[in-house]
Each structure stands twice: as structure tokens, then as C-alpha cells.
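Structure at a glance
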Amino acid sequence: MISLPEELDTMNLLARFASLLLLPAFVTLQAQPPAVAPMPTTAAQAPTRDTSYVDAQGTAHVTRVVPVPKTISTEAQRRLSRPQPDQGPPQSLADRRKNTDAYTARARLEWSRLCPNQLVEEKIAGVPVRIVTPEGLPEANRDRVLLNLHGGGFDSDSGSYTESIPVASYSKIKVVAVLYRLAPEHPFPAAVDDSVAVYKELLKTYQPSHIVIYGTSAGAILTAEVAARLKQLGLPLPAGLGIFSGMGDFARAGDSMSIYSLGGFSGHLDPPEPEHHDLAYVAATDPRDPVLSPIFSDMHGLPPTLLITSGRDLLLSGTVNLHRAYLNAGVDARLVVFDALPHAFWYDSSLPEAIEANKMMADFFVQQLRK
């Protein structure tokens, strides 16, 4: 059964956000369960029919039996059909980072087989970066660069390989992935500051019209935050933005965080906990701060932006709400929602939809850099 509050307290969302956000779509790192974790639901206990009840406070108590749709690839259908327990043991931050690092090492090899590249690690403006140069980089693209802000819940790195290697290959443009400082050791605005520092350094070599900033999940949120900060500082804006499964509002919650886990319908999902205000990334910052939550900033004049999410994405609400805010500010903002798939599915190189999404991202970036 999924309990869906119509309105969630701001920090209730953030409590779960810290432990769920943002990892590879099919890598399950569980949120912290109660001290005595309940047993996983068994097949015999699983509901077999739809139910719905809305109480006097507007909280919906619902059960939905949702088959895997035929609108997605057979590979994606198999992924969604994998059993995944709805309860799990607690996981330390050290274990989370260790597991994420192991996943990304494998993902680097898998994507590199499809997308040959040269990868080096260095520092720009004192910030560690990974620079991915695609095989066959044309001379015409040597004065262009894509700046990637990786996902990983702000406390790990799940995307500096998976977000940069395919996009570099399909766009034939070099990608600089920023290895920004992580929470909880370095809460907001450390990641924003590091990303802005790298961007400012790139401006010494590249025209702003030859730079695009993009990211997935935590990196998508960070992309919107960096854009708000650049505008606040009066710095020249990049040619485009890519916000892939993100959000711009830490102060208010949408439905999707109450409905989906990292794996969509499968996996552990804690109900919101009242009066829980400890979030590693936000720390003491006001959730309505216009950089932390760019939806409260002046968005007028931001560059063309592509937003991508999916039907079972825990950040579906966050992405579409940010898209609306961009549109209301007159931004050329384009939204693509893939049916049924879970959070950040484009990390998975075995999915046809992942190839499609990455090529869509790359094509958008190429178009903006040609203007």
C-alpha cells in the first residue's frame, strides 16, 4: 500500500531525500529503516486489487496493482520485473559510497565499450575534475565544452562516468565532470561554489556560448542552482542547460516522492517523518534560499533548457514543477517524460531507452552550441 499525503511538510521530504537521492536507477541503496525493520512483503501478502480511501485531511491511502506496460522495450520490461524487497537493513554512508564507487567502475567499462574515449583526471581552479574526450573529436568542436555536475545524492558520485562518457561520444564534444565537495562533510553551498569556480575558469578559454552545463539527479538540482548563482553574480550564462531528473524546490514536496523509490514502484520507501529537519546537504540554509531552491529565484533570461524525467521517477514532480516555473519565466524549456521507467534510467547502458535519452541530451547540446 502506498500512502500519499496531499501536502507534505517541507523537511519530511528532505529527510527521505537525503537517503534516497540520487543513485543509478537500478542500483538499490536503501533508506534507513526503523530501529526494528519490518519484514519484506511476501507474494502471499501482496495486494491483488486496487483500493482507495481519502481521509478528512486529504491524505490518500491507496493500493494500485500496476502491470509492466508494453510501451517500453523488452529490456526495460525485464528490468522492471526484477523482484526487489520493500524492506532492507540500514546502510552506512561509508558502505553507500563504497557500493556506488564499485557500480560506477563497472559502468565506466560498460559505457566505454559502447563509447570509446580518453579520460584523464586533473584539477581546474583547484577542483578535481574528470575530462572525457570522445574518440573522433572533430576539429570544429575543440572550442566547445560540456560541464557535467554528477548525481549521487550530494554525498557520493554515481554519475561522473555514466553522465559524461555517453554524452561526450554522442555529441563529439569534450566533457568536464566536476568532482565537487560532498555532504555531509561539505554542505550547501560547497558544491555550488566548486562548480562555479570551474565554470569561471573555463570562461578564460571558452566563450560562454560554447559551454553547456548539465547533470542528473543531485547534479540536475545543482545545475539549476549554479545557473541561479551565475545570474546572481552577473556572470555570462552558458548556451544551454540540461536538467535530467531534478528539482528546484527544497521547501515544498510533490507527489512523486511519496509514490516512488529509486526503483520506481519496487524497493524500500519510508513514509514521511514529521519534524525531521536534519538534511546533510541543506544543513542550516533556509529551504527557500533562491540558490538552494532556484524556483524562488528570478529565472528570466536563463538559457534554453532540456528537462528529462520518467513516469516512475521519484523526482518526476520536482522536474515538471521546475519546467513550469521556467516556462512561466519565459525560458525556452523543453520537457521529455519517458513512460514507466524509474529514476535516472539513462545510466543503464543495456536499455535502448538509455541510448535514446543520452542521444537526445547530446543532440540538444549540439543544437545550442551551433547558435
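Throughout what follows, the structure given in this document is the object of discussion. (Residues numbered from 1 in each chain as written. Predicted model: local features only at pLDDT ≥ 70, side-chain atom pairs only at ≥ 80, totals over all residues. Heavy atoms only, no water.)

Attention shifts here to the side chain of S349. Here S349 shows up in the loop between β11 (333-342) and α9 (352-369). Assessed through its relative accessible area of 15%, S349 is described here as buried. Beyond its immediate stretch of four places on either side in the chain, S349 contacts E110, W111, L114 and I355. (Helix = DSSP H or I, 4+ residues; strand = E, 2+ residues; numbered from the N terminus. Buried < 20%, exposed > 50% of the residue type's maximum accessible area, 1.4 Å probe, protein only. Contact = heavy atoms within 4.5 Å.)

With that settled, consider unusual backbone geometry. Backbone torsion omega between A183 and P184 reads 5°, so that peptide bond is classified as cis. Here P184 is to be found in the loop between β7 (174-178) and α5 (190-202). For the bond running from F188 to P189, omega is 15°, close enough to zero to count as cis. Tracing the backbone shows P189 in the loop between β7 and α5. Its identity as a non-glycine residue notwithstanding, K172 has a phi of 60°, on the positive side. Tracing the backbone shows K172 in the loop between α4 (165-171) and β7.

In a beta sheet, neighbouring strands are held together by backbone hydrogen bonds and run either parallel or antiparallel to one another. Spatially, eight strands are ordered β4-β5-β7-β6-β8-β9-β10-β11 in an open sheet, and the strand pairing comes out mixed. A single partner strand is all that each edge strand has here, and the edge strands are β4 (117-124) and β11. Adjacent strand axes in the sheet meet at a mean angle of 20° when their direction is disregarded. Across five bridges, the pairing between strand β6 (residues 145-149) and β7 is parallel. Of the residues in β7, the one forming a bridge with V145 is K174. (Pairing = 2+ DSSP bridges. Axes fitted to C-alpha atoms, helices over the stretch in contact; angles between N-to-C directions.)

Strand β9 (residues 240-244) sits mainly inside the fold: five of its five residues count as buried. What you see with β9 is no split at all: G240, G242 and F244 on one side and L241 and I243 on the other are buried throughout. In terms of strand pairing, strand β8 (residues 211-216) meets β9 through five bridges, oriented parallel. Across the sheet, residue T216 finds its bridge partner in β9, namely F244.

Moving on, we come to the environment of G153. Relative to the elements of secondary structure, G153 occurs in the loop between β6 and α4. Here the alpha-carbon distance between G153 and Y281, two residues 128 residues apart in the chain, equals 8.7 Å.

So, about the packing of aromatic side chains. Counted by the stated rule, this structure contains eleven aromatic pairs. Summarising the aromatic geometry, the rings of F244 and F365 are spaced 6.2 Å apart at their centres and angled 40° between planes, so their arrangement reads as tilted. Taken together, the residues F244 in strand β9 and F365 in helix α9 connect sequence positions 121 residues apart. A relative accessible area of 0% places F365 in the buried class. Ring geometry for F250 versus Y281: centroids 6.1 Å apart, planes at 40°, classification tilted. Taken together, the residues span a long stretch of sequence, with F250 in the loop between β9 and α7 (256-259) and Y281 in the loop between α7 and β10 (305-312) at a distance of 31 residues. As far as the burial class goes, F250 and Y281 line up, both buried. An aromatic cluster is built from Y214, F244, F338, F345, W346, F364 and F365, whose rings are joined through pairwise contacts. Geometry around Y170 places K359 over its ring, the cationic atom sitting 5.4 Å from the centre. (Phe/Tyr/Trp six-rings, centres within 6.5 Å; stacked < 30°, edge-to-face > 60°. Lys NZ or Arg CZ within 6 Å of the ring centre and 35° of its normal.)

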